[in-house]
Amino acid sequence: MDESKPLPTPEEDAALTPIMGHALQRQVLVCTSKSCTANGSEAVLEAFKAQLIAENLLFYKGNRSGDIQCITCGSVGFCAIGPAVLVYPDGIWYAHVTPEDVPEIIESHLKGGVPVERLVRKRLG
Ligand code: FES
């Protein structure tokens, strides 16, 4: 980094970064590292994105007013029990998630605030 160049202000960064000014409700992180991918995490990711887009809930380039961001992440240590899906700010880590589980997670947890207990394997905080 150029030490002589001052760090941009938060306002300058916000002008370049639409997500800073938007009140996201939740982030869904789907692990797409090696073991989770081998267990089908790409299909889980696509199932989340497809349903969240269909319900106008996904924050992405095509919808800057969506309340939920869904992104990939690297390994979190659930390699033997993946696909791993993490939901923040709740700090809920799911394991063994399949595309068939996605509608229940969206309905119960993302929309209703109630985690799907049969898939929860870790809680942060
Ligand atoms: S590969 Fe997904 S948790 Fe390790």
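What you see is a predicted model, and the numbers here were worked out from it, not measured in a lab.

Draft legend 1. A look at the pairing of strand 3 (residues 85–88). Across the two faces of strand 3 the burial differs, with V85 and V87 buried and L86 and Y88 not buried at all. As paired strands, strand 1 (residues 26–31) and strand 3 are joined by four bridges and run antiparallel to one another. Paired with L29 across the two strands is L86, which belongs to strand 3. Here strand 3 pairs with strand 4 (residues 92–94) via three bridges, running antiparallel. Across the sheet, V87 pairs through a bridge with I92, a residue of strand 4.

Draft legend 2. Layout of the nonpolar core. The biggest cluster of nonpolar side chains holds 26 residues, and the ones touching the most others in it are V44, F48, I68 and V85. At the level of elements, strand 1, helix 3 (41–54), strand 2 (68–73), strand 3, strand 4 and helix 4 (102–111) are the ones that each hand at least two residues to this core. Dropping the residues within four chain positions of it, V44 is found in contact with V30, P83, V85, V97, T98, P99 and V102.

Conventions adopted
Residues numbered from 1 in each chain as written. Predicted model: local features only at pLDDT ≥ 70, side-chain atom pairs only at ≥ 80, totals over all residues. Buried ≥ 20, exposed ≤ 12 C-beta atoms within 10 Å, placed from the backbone. Helix = DSSP H or I, 4+ residues; strand = E, 2+ residues; numbered from the N terminus. Pairing = 2+ DSSP bridges. Core = buried A, V, L, I, M, F, W, Y, C linked by C-beta atoms within 7 Å. Contact = placed C-beta atoms within 7 Å.

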